[in-house]
Amino acid sequence: MTREEEILAELAKAHAEFNVAQADLQSHLDKMRAQPLLSDEERKALEELAEKGELDDDMTALVTKVKDGEDTWDAVFSGESPNGALLQNNLSRLVAEHELEIAEAWEDLLDEEEEKGNYL
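It should be emphasised that the depicted structure is a prediction, and the values quoted were computed from it without experimental measurement.

Definitions and limits used
Residues numbered from 1 in each chain as written. Predicted model: local features only at pLDDT ≥ 70, side-chain atom pairs only at ≥ 80, totals over all residues. Heavy atoms only, no water. Core = buried A, V, L, I, M, F, W, Y, C linked by side-chain atoms within 4.5 Å. Buried < 20%, exposed > 50% of the residue type's maximum accessible area, 1.4 Å probe, protein only. Helix = DSSP H or I, 4+ residues; strand = E, 2+ residues; numbered from the N terminus. Contact = heavy atoms within 4.5 Å. Salt bridge = Lys/Arg side-chain N within 4 Å of Asp/Glu carboxyl O. Axes fitted to C-alpha atoms, helices over the stretch in contact; angles between N-to-C directions. Parallel < 35°, antiparallel > 145°, perpendicular 65-115°, else oblique. Nonpolar A, V, L, I, M, F, W, Y, C, P; charged D, E, K, R; others polar.

Listed in full, the 12 residues of the largest apolar core are L38, L46, A50, L55, M59, L62, V63, V66, W73, V76, L86 and L87. Elements that contribute at least two residues to this core include exactly α2 (40-51), α3 (57-67), α4 (73-78) and α5 (84-97). Other than its neighbours up to four places away in sequence, V63 contacts L46, E47, A50, L55 and W73.

Next comes the structure, spelled out in structure tokens:
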């Protein structure tokens, strides 16, 4: 086998592996999209936190809108809701508040994947 044939064989193998990985990813995405964004328990917990006053004003307003039927969590999380900024404000605050923990968790994830031979 010539060097050119070896390279073409390696490329064909890599292409096949890529196609398998892509199909696997698509399958996982399809499964995730089929599930509700919030479970009944998570939705109930948000409502209870809002009722107790444990959420910031934006999240309390958003929970109230969803609970009153003015909006849905699916619309909020998909970016289709005009009230999405209420969630974004809360998420931005949480990211800033937990920046160090997020960075550490990301590093742990990268380390775990590298141990498996997956380099992100």
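The rest of the description comes next.
Moving on, we come to the pattern of salt bridges. Pairs can form between side chains of opposite charge once their charged atoms are near each other. Considering all chains together, one arrives at 7 salt bridges under this definition. Linking R93 and E97 is a salt bridge whose minimum nitrogen-to-oxygen distance equals 3.0 Å. Residue R93 and its partner E97 are located together in helix α5, separated by 4 residues, close to a single helical turn. Owing to a relative accessible area of 35%, R93 belongs among the partly exposed residues under this scheme.

It is worth spelling out the packing of α5 against helix α6 (residues 99-115) at this point. Relative placement of two packed helices is described by the angle separating their axes and the distance separating the axes. Between α5 and α6, the least distance of the axes is 5 Å, while the angle of their chain directions is 75°. Relative to α6, the element α5 is oriented roughly perpendicular. Residues V95, A96 and E97 of α5 lie in contact with α6, whose contacting residues are E99, E101 and I102. When its residues are assigned to classes, the contact of α5 with α6 shows 3 nonpolar, no polar and 3 charged.

Along the chain, E4 falls in helix α1 (residues 3-34). Of the residues examined, E4 reaches a relative accessible area of 60% and is grouped as exposed. Expressed as a C-alpha distance, the spacing of E4 and D57, which sit 53 residues apart in the sequence, is 64 Å.

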